[in-house]
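Remarks on the overall topology
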Amino acid sequence: MLHIGWDGVRRVHGSVVHIDIINDKVWIQYDGTSQPVAEALLETGILREDIVLGFHPAELRQYTDFAVS
């Protein structure tokens, strides 16, 4: 999901959400939303152990309720 358009004379282009599927897991690489994307994925039935918060460094992911890799 992207912001695309114009703000007056300035071009706007940037990610709102970046998600990859890597080795059958959903990797959230960037979440710029007001409601966490991970929570929305859980509500659709995707399991916590299948979601990786890729925007956290690898050594900190163990402290989340989600997959490490």
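Computed from a prediction, not measured in an experiment: that's the story for all the values here.

A tally of helices and strands in the protein yields one helix and five strands. Going from the N terminus to the C terminus, the protein shows its helices and strands as β-β-β-β-α-β. On C-alpha atoms alone, the protein measures out to a radius of gyration of 14 Å, which is more than a quarter above the 11 Å that the 2.2 N^0.38 rule sets for 69 residues. For the protein, the C-alpha atoms occupy an extent of roughly 45 × 25 × 20 Å along the three principal directions. Across the 69 residues in the protein, those meeting the buried criterion constitute 23%. Contacts in the protein between residues at least 24 apart in sequence constitute 24% of all its contacts with a sequence separation of at least 6. Carbon and sulfur atoms make up 54% of the accessible area of the protein, which totals about 5000 Å².

Right, let's talk about the sheet that holds strand β3 (residues 17-22) for a bit. Within a beta sheet, neighbouring strands are joined by backbone hydrogen bonds and run either parallel or antiparallel to one another. Here three strands make up an open sheet; going across it, the order is β3-β4-β5 and the pairing mixed. In the strand order of this sheet, the two ends are held by β3 and β5 (51-53), each with one partner. Strand-to-strand twist of the sheet, defined as the mean angle between neighbouring strand axes without regard to direction, takes the value 25 degrees.

Tracing the chain through its elements places R61 in the segment after β5. Of the buried charged residues, R61 lacks a salt bridge, with E59 as the closest side chain of opposite charge at 7.6 Å. Contacts of R61, omitting those with residues within four sequence positions, involve W27, V52, L53, G54, H56, F66, A67 and V68.

Averaged over every residue, the pLDDT of the protein is 95; residues scoring 70 or more account for 100%. The secondary structure element of the protein with the lowest average pLDDT is strand β1 (residues 2-7), at 92, and the one with the highest is β5, at 98.

For the structure shown, the criterion picks out one salt bridge. Linking D7 and R10 is a salt bridge whose minimum nitrogen-to-oxygen distance equals 3.6 Å.

Quick notes on the rules
- Here the residue numbers are simple positions, counted from 1 along each chain's written sequence.
- Thresholds applied to this predicted model are a pLDDT of at least 70 for local features of residues and 80 or more for the giving and counting of side-chain atom pairs; totals over whole chains, interfaces and linings are not thresholded and use all residues.
- Side-chain measures here rest on the full set of heavy atoms in the structure, leaving out hydrogens and waters.
- Only DSSP runs of H or I covering at least 4 residues are called helices, and only runs of E covering at least 2 are called strands; the numbering of each starts at the N terminus.
- Computation of the radius of gyration draws on C-alpha atoms alone. For the globule rule, the value is 2.2 Å times the number of residues to the power 0.38.
- Working definition: with a 1.4 Å probe on protein chains only, accessible area under 20% of the residue-type maximum means buried, over 50% means exposed, and in between means partly exposed.
- The contact criterion used is simple: two residues touch if any of their non-hydrogen atoms lie within 4.5 Å.
- A 1.4 Å probe and the Shrake-Rupley method give the accessible areas. Residues count as covered only by the protein chains that appear here.
- Here the rule is simple: two strands pair whenever DSSP picks up at least two bridges between them.
- In this analysis, axes come from line fits to C-alpha atoms, helices being fitted only over the stretch in contact, and the angle between any two N-to-C directions falls in the range 0 to 180 degrees.
- Charge assignment: positive for Lys and Arg, negative for Asp and Glu; neither His nor the chain ends contribute.
- By convention in these notes, a salt bridge is any Lys or Arg side-chain nitrogen within 4 Å of a carboxyl oxygen on Asp or Glu.
- The predictor reports its confidence for every residue as pLDDT, a score running from 0 up to 100.

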